[in-house]
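This is what each chain is made of:
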Amino acid sequence: QVHLVESGGGLAQAGESQRLSCVFPGSSFSINSMGWYRQAPEKQREVVANISSGGTTAYVDFVKGRFTISRDDAKNTVYLQMNSLKPEDTAVYYCRMTRASSGFAYWGRGIQVTVSS
C-alpha cells in the first residue's frame, strides 16, 4: 500500500509557527481533495483542514485564522502552515489525498507536532 510522506513538525513553543508538507511519492494521476487530520493522545482522529482540486479550503473552527492549507498540484504536495501554535495543537498530524478517478483515499503515516507552553 502506498503511503503519503509527511515532513516538518517536531517541537515548538506556544506562539511559534511550523509548516507541514505532504507528498504523494511517484504518483502520475490527478488528486482530488487533499487534507490534514490530527489525533491527540486518547482522542479520535479529527479533520483539521481540506482543500479541493479547485482550491476551495475549509477549516475546523479551532484552527481558523491560525492555520492555512495550500497545495501544489505539479508536485502532488499539500502544505499546512500553522501559526500561533497552542499546546492543545499537540497531536500526530496525518495528511490524506483522494484520487480523482476512483475516490480512493491515501494516508500518510503521521508526524508528531508537540507544542509546549
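Above: the structure in question.
On a predicted model such as this, the values are computed, not experimentally measured, just so you know. (Residues numbered from 1 in each chain as written. Predicted model: local features only at pLDDT ≥ 70, side-chain atom pairs only at ≥ 80, totals over all residues. Heavy atoms only, no water.)

**With respect to the nonpolar core**
- Among the nonpolar cores identified, the biggest contains 26 residues, and Trp36, Val78, Leu80 and Tyr93 are the most heavily contacted of them.
- Contributions of two or more residues to this core are made by strand E3 (18-23), strand E4 (31-39), strand E5 (46-51), strand E7 (67-72), strand E8 (77-82), strand E9 (91-99) and strand E11 (111-116).
- What valine 78 contacts, discounting residues up to four positions off in sequence, is Leu20, Ser21, Cys22, Met34, Trp36, Ile51, Ile69, Ser70, Arg71, Cys95 and Met97. (Core = buried A, V, L, I, M, F, W, Y, C linked by side-chain atoms within 4.5 Å. Buried < 20%, exposed > 50% of the residue type's maximum accessible area, 1.4 Å probe, protein only. Helix = DSSP H or I, 4+ residues; strand = E, 2+ residues; numbered from the N terminus. Contact = heavy atoms within 4.5 Å.)

**Thoughts on the packing of aromatic side chains**
- Using the criterion set out here, one finds three aromatic pairs in the structure.
- Taking 4.7 Å as the distance between ring centres and 65 degrees as the angle between the ring planes, the aromatic pair formed by phenylalanine 24 and tyrosine 106 counts as edge-to-face. One end of the pair, phenylalanine 24, is in the loop between E3 and E4; the other, tyrosine 106, is in strand E10 (residues 105-107), and 82 residues separate them in sequence.
- With relative accessibility at 4%, the residue phenylalanine 24 sits in the buried group.
- Taken together, the aromatic side chains of Phe24, Phe104 and Tyr106 make up a single cluster linked through ring pairs.
- The ring centre of tyrosine 79 lies 4.0 Å from the NZ or CZ of arginine 19, which sits over that ring. (Phe/Tyr/Trp six-rings, centres within 6.5 Å; stacked < 30°, edge-to-face > 60°. Lys NZ or Arg CZ within 6 Å of the ring centre and 35° of its normal.)

**Structural notes on the state of the cysteines**
- A full pass over the atoms with the stated rule returns one disulfide.
- Here cysteine 22 engages in a disulfide with cysteine 95; their sulfurs sit 1.9 Å apart. Here the S-S torsion is close to 55 degrees, and the disulfide linking cysteine 22 with cysteine 95 is therefore right-handed. Pair noted here: cysteine 22 is in strand E3 and cysteine 95 is in strand E9, with a separation of 73 residues, a long-range link. Cysteine 95 matches cysteine 22 in its accessibility class, with the two residues each being buried. (Disulfide = S-S within 2.5 Å.)

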